[in-house]
Amino acid sequence: VERVVISQGPGSFTGIKVGLSFVYGLQMANPNLRVKGVSSLELLAKTSSERHNCDAVMILPATRTHGFLAEANAQGVTSRLLELAVDLPRLKEQAAGRQTVLCRPWPALQEQWDPNLPQLQQRNMEQLLDEALDVMVAATAADPTFSQDFLPARYLRLSTAEEKLGVAAVEAPQ
C-alpha cells in the first residue's frame, strides 16, 4: 500500500476516530505511506453538482437542531456547521435553482420546509457514497497533495471530555 484516502468526517466520533487511528497505525508501520484526507460531505456535494450540472447542497443532520452543510458550485466546495434556527431562512432563500439533498432524515428541517420550494431530496448515504467513489478515485489517482502529516478529525459533535473542557468545535480545514 502506497497511498490511502480517508474520510476526515463529518461523521460519528467513534467511526472517525477508529478510521484515523487505523491509518495512523499504518503510517507508523510504513513511514513512506502517503495519506489524503477528504470531507465525505464535500465530496458528495461536488459529485452531485457535477453529475446534475447544477449547484448542490448536501445536509447531514447531527442533532435535532444542528448539522453539517456542504455546498458545491462553480466557485468550489465549502462546508460549515448548520444551525437550523439561524440558517433555515437562508436555505429556503437559496433553494431555487439548486439541488438540496438530505443524507438521512431530519424531521426538524423537513417539517419547516416550504412546500412551494424545490423538494428536499432524501438519499441513502450508502448510495451517495457509491456514486462518489469513482469521482474520488479519479480525483486522487494523480493528486500530488498526499502527505505524511497526521490529519485532523471533523466530528459531528465533540467528545464528552471535550465538551466538559470547553474545547472549541473543530473547524473545517481550508
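A few points on the structure. Every value quoted in this text rests on a predicted model; they were computed, and no experiment measured them. (Residues numbered from 1 in each chain as written. Predicted model: local features only at pLDDT ≥ 70, side-chain atom pairs only at ≥ 80, totals over all residues. Heavy atoms only, no water.)

1. Comments concerning the sheet that holds strand E7 (residues 121-122)
Right, on to step 1. With respect to topology, five strands assemble into an open sheet ordered E5-E4-E3-E6-E7, the strand pairing being mixed. Taken across any chain shown, the strands that pair with only one partner, and hence form the sheet edges, are strand E5 (76-83) and E7.
Right, on to step 2. Most of the contacts of helix H3 (residues 84-93) go to E5, to which it runs at about 135°, and overall it touches strand E3 (55-61), strand E4 (66-73), E5 and strand E6 (98-102). (Pairing = 2+ DSSP bridges. Helix = DSSP H or I, 4+ residues; strand = E, 2+ residues; numbered from the N terminus. Contact = heavy atoms within 4.5 Å. Axes fitted to C-alpha atoms, helices over the stretch in contact; angles between N-to-C directions.)

2. Describing empty space enclosed by the protein
Right, on to step 1. Within this structure, the stated rule accounts for one cavity of 30 Å³ or more.
Right, on to step 2. Reported here for the largest cavity is a volume of approximately 50 Å³.
Right, on to step 3. Around the largest cavity, the lining residues are Leu-44, Thr-47, Ser-48, His-52, Met-58, Arg-123, Leu-128, Glu-131 and Ala-132.
Right, on to step 4. Only helix H2 (40-52) and helix H5 (125-141) provide two or more residues apiece to the lining of the largest cavity.
Right, on to step 5. It is H2 that provides the largest number of residues to the lining of the largest cavity, a total of four residues.
Right, on to step 6. In terms of residue class, the lining of the largest cavity is made up of four nonpolar, three polar and two charged. (1 Å grid on protein atoms, 1.4 Å probe; cavity = no way out; pocket = protein on both sides within 12 Å on 5 of 7 lines; lining within 4 Å. Points joined across faces, edges and corners; volume = space filled by probe spheres on them. Nonpolar A, V, L, I, M, F, W, Y, C, P; charged D, E, K, R; others polar.)

3. A word on unusual backbone geometry
Right, on to step 1. The omega torsion of the bond from Gly-9 to Pro-10 falls at 5°, within 30 degrees of zero and hence cis.
Right, on to step 2. Relative to the assigned elements, Pro-10 resides in the loop between strand E1 (3-9) and helix H1 (13-29).
Right, on to step 3. Positive phi, normally seen in glycine, also occurs at Asn-53, with a value near 50°.
Right, on to step 4. Relative to the helices and strands, Asn-53 resides in the loop between H2 and E3.

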